[in-house]
Amino acid sequence: MAREFHNLQELRHNASLVTKVFVQRDYTEGTVCRFQAKFPSELDHRIERTLLEETVKTLNSYYVEAEKIGGQSYLEGCLACATAYIVFLCMETRYEKVLKKISGYIHEQNEKIYAPRGLLLTDPVERGMRVLEISVFEDRGSSSSSPSSSMSSAGSSAR
Amino acid sequence: MIIETKSWEVTRLHVTRLRKRDTKKGSLLHIMKNCEYQQIDPRTLPTPTPTATPTATPTPTPHHGPVGDRPEEPKGKPRRKWHVFPGKNRFYCDGRIMVARQSGVLPLTLGLILITSGLFFIFDCPFLVKHLTSCIPVIGGFLFVFVVITLLQTSFTDPGILPRATPDEAADIEKQIDNTGNTSYRPPPRTKEVVINQQVVKLKYCFTCKMFRPPRTSHCSLCDNCVERFDHHCPWVGNCVGKRNYRFFYTFIVSLSFHTAFIFGCVTTHLSLRAQGGKGLVFALQESPGSAVELVICFFSVWSILGLSGFHTYLVASNLTTNEDIKGSWSGKSGEDVTNPYSQRNIVVNCCSVLCGPMPPSLIDRRGFLPADESVQTAGADIELPDLANKSEINVCTQGTKGLLESATLPPLLSTSCPQPPTDPTVNFDPSPEISTSCSGARHVHHSRGRASTPRHTKTRSKKNKRAALQTANPSFDVPVSPSSPDAGPSSKARGHKGDSFSHLQ
C-alpha cells in the first residue's frame, strides 16, 4: 500500500503515475450524463468500495441537477430564444454553474479522500464527459515496485 | 442491391490499387500515416509521462492539413488548445469562433439574406410605408436581425463536438475489447449494446476518435469530429448541427421562413399596388427593379425553407434527429417493434426538452492553455506511434470484408476507408449526401410523409451543382444502412465491426 500523502501537492511531486482507471458512462437512462456505479477491480486494494461509490453517486446527482428540465430551464430557454440567444454570451447558464460546483466537489474529494490513498480524480468535463479518470500513483520512495509506469494492470502495481 | 454491388466493386478496385502501391512503397507505416489512422496496441504505448516531471521539449506533431490559421508559436509562449485541435475546423478570434473547414456556402447564404433584405428596405419599404403602414420596416428589421444572429450562432457555435479519447483511455478501451476472450486472428468486435428504455441501442466504436460513441452521437466526415446528438452537416450554415446548436438552427430556419414569406408578401403587395390602375405588372417592375430580384429569390426559396421548417418541427416534436430519421432507426422498418427511446411521448414535453433544455457547455475547451507535458496527449490522433508493422494484432482500418480480413497484416484494409477519413461508413454516409438533401428540402421528394413541400424544387442557383458534386463525392456510401442490420446478434458481437459497417455489402 502506498504511504500516506498529506496533500495533493505532495502527491504530484513525489509520486509517479502507475496507471489510470476509467469509470465509464452509464447509458441505460439515455443520453443524460451518468457514470457507472461498478467498482473497478484495479482499485480493490487502494480504496474502500463505499467511498468511490458515494463519490460517483454524488456526481451523478449533480449531473441530474444540471440537466434537469423544469421551470428554470424553460424560463432560461424561452428568454434566450426571445433574445436570439444573445443572453448565452452574457450570463452563465445553470449547467455551467453546476459544473463549477462539481469541480469544487472533486477537488475537495481529492484533497480529503483520494490523495491520501495515492489516487487522483480528474473532472469528467476535462475528458469530454466520457469517463471519470482515476489516476493511480505509486510513491517513488517506496521499494515495492519500480516507478516504471508501465500500462500493466493495477493489480500488480498496488502492493 | 445493384447499388450495393457497385459500392463493393468500387471498394475492391480501390483495395487492389492500394495493394499494388503498397508493394511499391513497401511500408505499412507509410500507408498508415497516409490514412492518418492507427489502432493502438496497449503494449506499444509510450510510457506515460509522470505529472511531476514535465518533459523538457514537448513536440506536438502537426498532422494532416493545417487547422485553419495555426501560427508557429515560440517555444516559451503557452499555446491554446485550439492550436492542436485534431478536427477539421477553423478558429478565429483566438479560438472564440469556430467553423467547419469546409464552410460550404455560408457566404452565399449570408449574401442572399443581406441582398434580399437590403433590396426590400430600399425598394419596397418606402412605398409600403407611404401606402400602408410604418410597421412593415419594423417587423422586417426585427426578422432580419433575428435571422442573421441565429445564422451566425449556428455557424460559429461548437455543435457538441466530443474531444477525442486520450491515449490512456483508448488503450483502456482496447484492453477491454481484447479481454472479451478473443484470441483468434479475427479483429475484436467494435460495437457495444446498451438497453435504453427497453430498446437495444448499438454503440459503435469510432476509429478516428478512438472511443465508443455515446448514443445519438455520430462522426461527421466533413469536420472529422464526433458530434453529440448529430443531426446533419449543413453546408448552408457551414457547420454541423448537433446538440449545442440545434436550437439555433431551428430558430434560424423558422425565422427565415417567416422572413422570406414576409418579404414575399410585401413585394407582392407592393407590385400589385403599383400595377393598379391599369398600369400593368411590367410597368411596376420597371419602376422597382429590385422587387423583381426579391420576387425571384423569395419565390424559389420560400417553399423549401417552409418545408424544411415543417420537417424539423416534426423532428422536434418527436425528439428525432435527421440522422435517425433518414436511417429509419426508430421507425420499425426492419420489422422489429422499435420505438424512439428518447421520446417523452408528449409533443409539448419533447419540444421543450429539445428547444428549451439546458445548454450544455462546449467540451473541447478550445481557449484553454495546453499544459507543457500534455501537448502531445491533447493532440489525440496526432501521436506518432512506433513502427507497428510487426505487430500481428494491428488491424489498421479494420472495417473490411471477409476476404480482406484473412490476412491481418494486409494494409489494404485501410483503403476501404481511405477516400475519406476512416470512420464508420454507415455514419460517413449520413452527413455528406444528406447535407444537400435535408437542407435544400429536396429530400422531401423521397420523404414519404407528404408534408407541405412540393416535389417541384426548381431552384436554379448554381450552388445546386456544387451540392450535386458534393453528393457524388462518396459513391461508395450512397446506401442508407439501418443500424439494426440483419446480421445483428451473436455474429455481430463476434464480427460486429465488420458486419455493422459493411452490412450492405454482404
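Residues numbered from 1 in each chain as written. Chains lettered and ligands numbered in written order. Predicted model: local features only at pLDDT ≥ 70, side-chain atom pairs only at ≥ 80, totals over all residues. Heavy atoms only, no water.

In the annotation of an unreviewed UniProt entry, the entry for chain B reads Palmitoyltransferase, and the organism field reads Champsocephalus esox. In its Catalytic activity (unreviewed entry) section, the UniProt entry covering chain B states "L-cysteinyl-[protein] + hexadecanoyl-CoA = S-hexadecanoyl-L-cysteinyl-[protein] + CoA". As recorded by UniProt, the Sequence similarities (unreviewed entry) comment attached to chain B reads in full: "Belongs to the DHHC palmitoyltransferase family." (UniProt positions renumbered as here; feature names shortened; annotations may be inferred.)

Looking at an unreviewed UniProt entry, one finds chain A named Golgin subfamily A member 7/ERF4 domain-containing protein and attributed to Champsocephalus esox. Taken from UniProt, the Sequence similarities (unreviewed entry) comment for chain A reads in full: "Belongs to the ERF4 family." Turning to chain A, the UniProt annotation filed under Subcellular location (unreviewed entry) states: "Golgi apparatus membrane".

A. Representation of the nonpolar core in the model. Counting residues in each nonpolar core, the largest one holds 39 residues, and the members touching the most others are Leu43(A), Tyr63(A), Ile102(A) and Ile134(A). If you list the elements that add at least two residues to this core, you get strand E1 (15–24), helix H2 (49–66), helix H5 (94–114), strand E2 (119–122) and strand E3 (131–139) of chain A together with helix H5 (167–178), strand E5 (199–206) and strand E6 (211–212) of chain B. A per-element tally of this core places H5(A) first, with 8 residues. Formed by 33 residues, the second largest nonpolar core is a distinct cluster that contains Val147(B), Leu308(B), Val316(B) and Trp330(B). (Core = buried A, V, L, I, M, F, W, Y, C linked by side-chain atoms within 4.5 Å. Buried < 20%, exposed > 50% of the residue type's maximum accessible area, 1.4 Å probe, protein only. Helix = DSSP H or I, 4+ residues; strand = E, 2+ residues; numbered from the N terminus.)

B. Highlighting the packing of aromatic side chains. All names here are of chain B. Within the structure shown, the criterion is met by 16 aromatic pairs over all chains. The interplanar angle of 40 degrees and the centroid separation of 6.5 Å between the aromatic rings of Tyr246 and Phe249 together place this pair among those described as tilted. On the criterion of helical spacing, the pair formed by Tyr246 and Phe249 is a turn pair, its members being 3 residues apart in helix H6 (residues 246–274). For Tyr246, a relative accessible area of 2% corresponds to the buried category. Under the relative-accessibility criterion, Phe249 is labelled buried at 1%. An aromatic cluster is built from Phe120, Phe121, Phe144 and Phe262, whose rings are joined through pairwise contacts. (Phe/Tyr/Trp six-rings, centres within 6.5 Å; stacked < 30°, edge-to-face > 60°.)

C. Main features of helix H3 (residues 106–131) of chain B. All names here are of chain B. Between the first and last C-alpha of H3 there are 36 Å, a value that for 26 residues agrees with the 38 Å anticipated at 1.5 Å per step. The sharpest bend along H3 comes to roughly 45 degrees, located at Asp124, with the proline Pro126 sitting one to four residues further on. When H3 is considered as a whole, its buried residues turn out to be Leu106, Thr109, Leu112, Ile113, Thr116, Ser117, Leu119, Phe120, Asp124, Cys125, Phe127 and Leu128. (Expected span 1.5 Å × (residues − 1). Bend = angle between axes of the 7 residues up to and from the residue.)

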